[in-house]
Amino acid sequence: MSDEIIIRGSQHFQAAISRREFLSRAGTGFGGMALSFLMAQEAEAAARSGKARVNPLAPKTPMIPAKAKSVIFLFMYGGVSHVDTFDPKPDLVKYNGKSLNTDVLKGVGEIKTFGGDSHAPLMRSPFSFKKYGKSGIEVSEIYPNVGACVDDICFVRSIYGDSNNHAPALFEMNTGSILQGHPSVGSWVTYGLGTSNQDLPAYVVMTDHRGGPIGGAPNWSSGFMPATYQGTVFRSNGTPILDLAPSDGMSAAEQRASLDLLGKLNEEHLQANPGDSDLEARIAAYELAYRMQAHAPEVVDISTETEETKTLYGLNKKETEEFGRKCLLARRLVERGVRFVQLYSGGGHSDDTWDAHGDIVYNHGMHARETDQPIAALLKDLKRKGLLDSTLVVWGGEFGRMPISQGGKGRDHNPGVQTVWMAGGGIKGGTVVGSSDEVGYKAGDTPYHIRDLHATILHAMGLNDLQLTYLYNGRNQRLTENGGQVIKQALA
Amino acid sequence: MRFSRLYILPVLLISTALPAIASGSLINKSKSNSLIPLVSYQETIAPILKARCYSCHAADAHSGGLILDSPLSLFKGGAKTASAIVVKGSPSSSLLISYLRGKKQPRMPMKAPPLPADQIALIETWIKQGAKIDQIKLGWPYTPPKQFAVPQVKNSAWVHNPIDNFVLAKLESKSLKPAAPAARVALLRRVYADLVGVPPNPEEAKSFLSDTTPKAYEKLVDRLLADHRYGERWGRHWLDLVRYADSQGYEADNTRMRAWRFRDYVIRSFNSDKPYDRFIKEQLAGDELYPSDSDAITATGYARLCSWDELSTDHDQRWQDYLNDATDTTGSVMLGLTVGCARCHDHKYDRISQADYYRMQAFFRPTKWTEANLPNSGNDPPALREKISEAETHLVPLRKQREELKEKYRAASLAKKEKTAKPGDKVVVSDDDINNAMPEHDRIKREQLQNEIGHWESVEEPFKPIADVISDEKDIPKTFLLKRGNLLTPGSEVQPGFVASLAGGEERPAKIIPPSGGATTGRRTALANWITSANNPVTARVMVNRIWQHHFGRGIVATPSDFGKNGDKPTHPELLDWLANQFVKNGWSIKQMHRLMVLSNTYQMLTHTDPVAVKKDPTNTLFWRMNRIRLEGEVLRDSILSVSGRLNPEMYGPGVFPKLSEEVLSTGSTHKWGASSEADSLRRTVYVFQRRSLPLPIVEAFDGPDMVNTCPRRSTTTISPQALALFNGEFSISESKKIAERVIQDAGPDPINQIVHSYELTLIRKPTFSQQQLVLKFIENQTRLHLQDKQNPTDLSNAKASALADFCHVLINTNEFLYLD
């Protein structure tokens, strides 16, 4: 088999198949998968085997036609209560103070809480809901600005996951598995599509100013994939990337002179060792780092934005300044071709996150005030810049919260159902998909697992979740394990 | 809930598995050949039935009473089909075909697409040929290594040892020539990085380079294998495999304060050249096999290295996840097979059934986690034991003071209690009673004492000769085959047994002898003995291949933890078998394997590419040259510290915490990083605390292991964060200054001498004349820039030192430093 190609890691079907077979299958049996995508994978395979070094982050053609080119994932860490934000529950008002039993909800079974009393009474939302937009979708009073954007948003009210514990739930929302060690959604997207701006990281993560999420870096790691696809933590002030500037204040002239000497020594070394693509790649990486050093600070330099824009994002107010700045940077990043941006609202523990065990009014009131205006500003700003069509915006947390109270005013974790909304690239605005049950304890109509959400995100980006595979440990690994169901009603 | 959508699975099977079956058939594709070869039941028919029929017609399902997964039942029939469904020699009278063709209803497989015509044709041919049930043929890698003769070669002068015969014979058959030998300096750097993980210091370099006797290299290799730094280097490879960490992972990611004992055990084992079979036995069943050996007891911590969700509320599932992890990791690491793929269904590619999987899991089923007091103070060096006595020097007087304080109020407290006691009652004074009897100032004093005692106890605790280990439950829980891997759908009960394909193809329960004393079940001993028996077809091959991979940059099997169908085929199967046999023959000595490999001429070749060879074998699968190897993150950090002369050689003990910047610490939800002394923070990277949520940035940037998954092979990505870390990072810049200080101290004020010495320290060679001139110009120019730098005003002498530091900084950033030529 002289024409056998080995596709390790990036392989889609089998470890080794003939080139002819490979291409013919691409043309027939697996219709819909663009040949150019395969060619890119093949190029990567060649790169891996050392034949020719191809940048693994070079942009790749999507498998299926898609509008969205970038993702902005707004992660409400700690777990947002759906029944207090985007999933109004009149029955919860009706049964306020009653026990959650079969009288209220058929077949409710044993109530599983994380830390709270499972016999605690049902608790109505302390917030009022109001209809917005042409679609008349109801939104809680704590999200008025986002409310004004409902006609651009699709709310999926029936997302459920598998863990009522922060770390596994975060891992599941970010990597598809409650177990630690899998590549994150951003890694899969970057692996599948590369990036169009080589001077900036392909996949950027901005954590909350109060700290990172539980579990830390594994939330944006590339797991068993190469580090090329992992998220880069971007700070919204000063030097955005770790080690972007010399640590001891070396001047630009000194640094350039050092780099030039390094270049000369490396070039000489390369000439003595011709044809080694690794050496060449590493020389290029230094120049890339140098360019990144110039370009990344430009992204966080928002002095070129108008006052009107800054005010739109709430940069003039203490409460909205932090998240507003991140949202504005997210727009600037996707504008510059960054493939995947994830922003965290909430950091560290307890009420510094959306984890409203003690008091939903205090906790959600505060976090909604911090995020409402910035998120609405992001949607409006993307729209007026013509970027909303090519940007998929996703909003959600690691799980929803309980309809029963915890300690009278708070709510416990609830992986049984949450609302996740999407807007922008390829999404049908002004729609509601699925529902929770009468009181918001579990998913009701058309339940969608987190992996279905993942399949939908990939689909919107032009990737098929079954075909996007990576060989590890003898298995063609997927983000959605054995496949997710694309939430078709959410698509335009 | 977790598996609610697994119904998708059968559909997947149809679309992906079948082409593989068809192409694996024994049908002769050449149409001109009129002889139709025999269709094999095992190779062709069984896989089709397995993929399409077993899900309903198998021992644990048997719809219609029909069982297809035992070949004999084909000739017996089911409840509805009274007679045989296969009639030898007659496809048309075989019910199997009638159902498959839809001549009888319901057409099979029911509610699924029909079998493709070519598959039905295969089954018909097989029946026509007499429906013979052939023996299972166990090929690679399920049969033991063969005894291959060392091949003859034309260029016998090139041969140093038999490895070279095997490699050269292959090369000659392709008309390829091995590359020329590497220069001595290159070889010196290579073998130092490879065996001890740091470059030679100038004295070490000189002692080799000035030794021109023929045995110089061999002597060097022996010296390095005897060096304690060897265990720190090679132990790390094993720690990658067993996903070692000092923390639990997940949300809390709390410290495992005794985990370091396992790390030290691994380092000690490599240094003492512990036979590999013994090394495996200790990790699987050290408590049963060597109960008085402190290291063997510590070794069972192997089964506790996985990440662990302390906050899980579903304890049954967590324990099942643990058992899965122990089974999968043992399969990957010790057997080199992706056993874990058979957790939810039979392995799609390899000969590992789902029953095999749970039979293997049954060895771990009785496991419980416990602590063990270690005999001989855990083999700890005196420095670590002193930590205990040091803490005790504080604790003894503090405890005494606490006692004295207690005694002072005991009598008063007793008297008070006796007053209220009923006659005849026994009066007992508790600590609380005494506390209550104390006046305010003494109560505060007592609290202070208590706090101080608590502090010193927590300092002392990790050093105590106690290890996190495993043992067995008294009542052995049953092991079930879990349908689709789901804990909620247990199938039939299974007994501990070996992967059948690796045990001659037969499913047999393992023979288990409980050890005397009866504390454990003996199950793990049975597993350990089977894995390390000389007959096990994979164990020795897998380990020699791992050793080869680290020496040569790529394994003979390039997928070192997957010897199965999805893995790569061995490039030199005869050599692999020869090495495996040699390994066992030499008492599983890892050091003798190193010696053999490192002394071969294959190892000593140049890394240069060759335009002719690169055309014939672009990826160097035949080893016509040495692969260029990049330093791993740990080796890079250790090398820089070694060059700056600051590497602290102290061995063993709890993990240390080099200083991390606030921006790195803030990426996690918890800021769990400790503070170590300057000296401790300069220790080798293998001793740096391994926190799962916070990897050391320089190691992470250079493709360090994620500490969660078993890592059989580090990837070597080239990404800009590496350049940023090494060019801008605090560690690299501050160590460059230290290198420059060392250079000035050793070489004096003359700039040429300084340049030469900088080269000698970092690249173990002298610069060429043109390099000298280039660097001299750089230093002069850089000195001028420093003097002009208004942000950091300086004088001439400091500017010169800074310029030299800048040059050293460039040197440690060069490809020549980062790669082994």
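Refer to the structure above for everything that follows.
Cut-off values and rules
- Residues numbered from 1 in each chain as written.
- Chains lettered and ligands numbered in written order.
- Predicted model: local features only at pLDDT ≥ 70, side-chain atom pairs only at ≥ 80, totals over all residues.
- Helix = DSSP H or I, 4+ residues; strand = E, 2+ residues; numbered from the N terminus.
- Buried ≥ 20, exposed ≤ 12 C-beta atoms within 10 Å, placed from the backbone.
- Contact = placed C-beta atoms within 7 Å.
- Axes fitted to C-alpha atoms, helices over the stretch in contact; angles between N-to-C directions.
- Parallel < 35°, antiparallel > 145°, perpendicular 65-115°, else oblique.
- Left-handed = near helix turned anticlockwise from the far one by under 90°.
- Nonpolar A, V, L, I, M, F, W, Y, C, P; charged D, E, K, R; others polar.

Draft legend 1. Here's a closer look at the overall build of chain B. The secondary structure content of chain B amounts to 32 helices and 6 strands. Projected onto its principal axes, the C-alpha positions of chain B cover 100 × 100 × 50 Å. Across the 821 residues of chain B, 48% fall into the buried class. The contacts in chain B between residues at least 6 apart in sequence include a share of 66% that link residues at least 24 apart.

Draft legend 2. Looking closely at the packing of helix H5 (residues 162-173) of chain B against helix H20 (residues 573-585) of chain B. Residues and elements named next belong to chain B. At a closest axis distance of 9 Å, the pairing of H5 and H20 adopts a crossing angle of 170°. By the criterion of interaxial angle, the relationship of H5 to H20 is roughly antiparallel. Of the two possible hands of crossing, H5 and H20 adopt the one that is right-handed. Taken together, the residues of H20 that come into contact with H5 (itself represented by Pro162, Ile163, Phe166 and Val167) are Glu574, Leu575 and Trp578. By residue class, the composition of the contact of H5 with H20 is 6 nonpolar, no polar and 1 charged.

Draft legend 3. Structural detail: unusual backbone geometry. All names here are of chain B. Here the bond from glutamine 105 into proline 106 is cis, since omega is -5°, no more than 30 degrees from zero. Along the polypeptide, proline 106 turns up in the loop between helix H3 (95-101) and helix H4 (117-128). Following tryptophan 140, the chain continues to proline 141 via a peptide bond in cis, the omega torsion being -5°. Mapped onto the fold, proline 141 is located in the loop between H4 and H5. You will see that aspartate 703, though not glycine, has its phi angle at about 60°, which is positive. Locating aspartate 703 in the fold gives a position in the loop between helix H26 (697-701) and helix H27 (720-728). With a phi angle near 65°, methionine 707 is a residue other than glycine that sits in the positive phi range.

Draft legend 4. Main features of helix H23 (residues 633-643) of chain B. Residue and element names in this part refer to chain B. Burial analysis of H23 places 11 of its 11 residues in the buried class, which makes it a mostly covered element. Residues of H23 that are buried include every one of Gly633, Glu634, Val635, Leu636, Arg637, Asp638, Ser639, Ile640, Leu641, Ser642 and Val643, and no others. Count one or two residues on from H23 and you reach glycine 645, which has phi positive near 80°.

Draft legend 5. Spatial organisation of the environment of proline 439 of chain B. Along the chain, proline 439 of chain B falls in the loop between helix H16 (431-437) and helix H17 (440-460). Between the C-alpha atoms of proline 439 of chain B and tyrosine 409 of chain B, which are 30 residues apart in sequence, the distance is 9.6 Å.

Draft legend 6. Spotlight on the packing of helix H11 (residues 276-289) of chain B against helix H18 (residues 523-531) of chain B. Residue and element names in this part refer to chain B. Viewed as axis vectors pointing N to C, H11 and H18 meet at an angle of 145°, and their least axial separation amounts to 8 Å. Crossing of H11 over H18 shows left-handed handedness. Contacts between H11 and H18 pair Ile280, Lys281, Leu284, Ala285, Glu288 and Leu289 from the former with Arg524, Thr525, Leu527, Ala528 and Ile531 from the latter. Looking at the contact of H11 with H18 residue by residue, the classes come out as 7 nonpolar, 1 polar and 3 charged.

Scope: geometric values only; no functional claims are made or implied.
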